[in-house]
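# Close look at the chain arrangement
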Amino acid sequence: MKEDLIHVILNGFGEAIHRDTTIAQLVERREEYDVGLIVELNNKFIFPQDYGKTVVKEGDKLEFINPDFGG
Amino acid sequence: MKDDYTRYKRQIIIPEIGEEGQKKLSEAKVFVAGLGGLGSASAYYLTAAGVGYLKMVDRDIVEMTNLNRQILHRTEDIGMSKADSAKKKLNALNPSVQIETYRDEIRDDTVEGLVGDCSIIVDAMDNLNTRRILNRYSLKKGIPFIYGGVEKFNGMITTFIPGETPCFECIFSGIKEIEEVKGIIGPVPGVIGSLQAIEAIKIILGLDRLLKGRLLFFTGLDMAFKEIKIEKNPHCVVCLGRQ
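As a starting point, this report considers the structure included with it. (Residues numbered from 1 in each chain as written. Chains lettered and ligands numbered in written order. Predicted model: local features only at pLDDT ≥ 70, side-chain atom pairs only at ≥ 80, totals over all residues.)

### As for the pairing of strand β5 (residues 145-151) of chain B
Residue and element names in this part refer to chain B. Stated precisely, the cut-off is as follows: The exposure scheme places C-beta atoms from the backbone and then counts, for each residue, the other C-beta atoms within 10 Å of its own, assigning buried at 20 or more, exposed at 12 or fewer, and partly exposed in between. Every helix listed is a DSSP run of H or I at least four residues long, and every strand listed is a run of E at least two residues long, numbered separately from the N terminus. Paired strands, as defined in this entry, are two strands with at least two bridges between them according to DSSP. The definition of a right-handed crossover adopted here requires that, viewed with the strands pointing away, the path from the first strand over the helix to the second runs clockwise.
Extensive coverage of β5 is indicated by the burial of 7 of its 7 residues. With burial as the criterion, each face of β5 is covered, one bearing Phe145, Tyr147, Gly149 and Glu151 and the other bearing Ile146, Gly148 and Val150. With 2 bridges joining them, strand β4 (residues 120-123) and β5 adopt parallel strand pairing. Bridge assignment links valine 122 to a residue of β5, and that residue is isoleucine 146. With respect to chirality, the unit in which β4 leads through helix α6 (residues 128-141) into the neighbouring parallel β5 is right-handed. Where β5 lies against strand β6 (residues 154-160), 7 bridges are found, and the strand directions are antiparallel.

### Quick word on the interface of chain A and chain B
Heads up, the rule is: The contact criterion used is a C-beta to C-beta distance within 7 Å, with each C-beta placed from the backbone. Amino acids outside the nonpolar list (Ala, Val, Leu, Ile, Met, Phe, Trp, Tyr, Cys, Pro) and the charged list (Asp, Glu, Lys, Arg) are all regarded as polar, and Gly is one of them.
In this assembly, 16 residues from chain A lie in contact with 33 residues from chain B. Split by residue class, the side of chain A that touches chain B holds 8 nonpolar, 5 polar and 3 charged.

### Things to note about helix α2 (residues 18-27) of chain B
Residues and elements named next belong to chain B. The test is simple: By arc we mean the arc of the directions from the helix axis to the C-beta atoms, nothing more.
Taken as a whole, α2 has its buried residues at Gly21, Gln22 and Leu25. Down the axis of α2, the sector holding all buried residues measures 100°, keeping them to one side. In this structure, α2 carries Glu19, Glu20 and Glu27 as exposed residues pointing more than 90 degrees from its buried face.

### Here's the deal with the packing of α2(B) against helix α8 (residues 187-205) of chain B
Residues and elements named next belong to chain B. To keep it simple, the criterion reads: Inter-axis angles, ranging from 0 to 180 degrees, are taken between N-to-C directions of lines fitted to C-alpha atoms, where helices are fitted over the stretch in contact. Roughly parallel means an angle under 35 degrees; roughly antiparallel, over 145; roughly perpendicular, 65 to 115; everything else is oblique.
Between α2 and α8, the shortest axis-to-axis distance is 9 Å and the interhelical angle comes to 110°. Relative to α8, the element α2 lies roughly perpendicular. Side by side, α2 and α8 meet where Gly21, Lys24 and Leu25 of the first sit next to Ile201, Ile204 and Leu205 of the second. For the contact of α2 with α8, the per-class residue count stands at 4 nonpolar, 1 polar and 1 charged.

### Section: the pairing of strand β7 (residues 214-219) of chain B
Residue and element names in this part refer to chain B. Examined bridge by bridge, β6 and β7 share 4 bridges and lie antiparallel to one another. Bridge assignment links isoleucine 157 to a residue of β7, and that residue is leucine 216. Pairing between β7 and strand β8 (residues 224-229): 6 bridges, direction antiparallel. Bridging across to β8, arginine 214 finds its partner in lysine 229. Where β7 folds back on β8, the antiparallel hairpin that results is connected by 4 residues, among which methionine 223 adopts a positive phi of roughly 45°.

### Some points on the environment of B:Leu216
Residue and element names in this part refer to chain B. Looking at where leucine 216 falls in the secondary structure, it is placed in strand β7. A count of 18 C-beta atoms within 10 Å places leucine 216 in the partly exposed class. Distance in space between the C-alpha atoms of leucine 216 and isoleucine 157 is 5.3 Å, their sequence separation being 59 residues. When residues no more than four places from it in sequence are discounted, the contact partners of leucine 216 are Met156, Ile157, Thr158, Leu211, Phe225 and Glu227.

### Observations concerning the environment of A:Pro48
Take A:Pro48: it is sitting in the loop between β4 (44-46) and β5 (61-65). Along the primary structure A:Pro48 and A:Ala24 are separated by 24 residues, whereas in three dimensions their C-alpha atoms are 8.4 Å apart.

Encoded structure:
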């Protein structure tokens, strides 16, 4: 049976992910999770407390950004 | 004064500034936190623009490794405090501006005395913890906090206005900083520090269309700017009670 996948743009690259994937699940699979990152979904900042309840949809554009704190 | 008019003529002729705007600039008091890459650019442009009073703080001395990006400092300044080095250059650039620089550390117990009666904070720090201190102070005093940060080929900037916008903690709570030397190419703090100076000037002039609720992200490798909409975080433990 064909997997139920959707297509999103993650950090500028097309990616197929499982339907009903949350941002929390996407963040957890990234190494940056340990050091902290910010998440942008369709040009809007997503609060960390909303990662678990934000389900990614077909065609969404996501950016995982490591904030800059150098001066 | 005729000399001053000549100095600022190219900005006075801008309709949004004019002589009235130049007077506002000359009466403004701005605090620049840090005199590294970001502070070099913002302090230089704020001095050149004729901001009346600039107070600046940095705890460090000039080192050789600073000189690829910290354009206020020169090879001959190595070993001198950044505060003294910056004061020398900025006084030479524009003697009409009152420049006060201090070699000191911004902490919870020093921030009030250091910021004093300045009405804008320009963030030119190189670490997360001091930014958290400045953010709390900005909220306490109700004064704008212009955040800027850089790393590698990238930079970020937004303007936090207490009561109107999210605060620094709304966006960056839970972020941990890695204790490591950060790579940076010189022009990037030049870009971000210059944008911070523009924001400070606009605030002084009373111009709208600030970077309120907008986090501007610059990436030099793609030569692109991206804007991210940011909102107050209802779970923010720092600003929620004050907004």
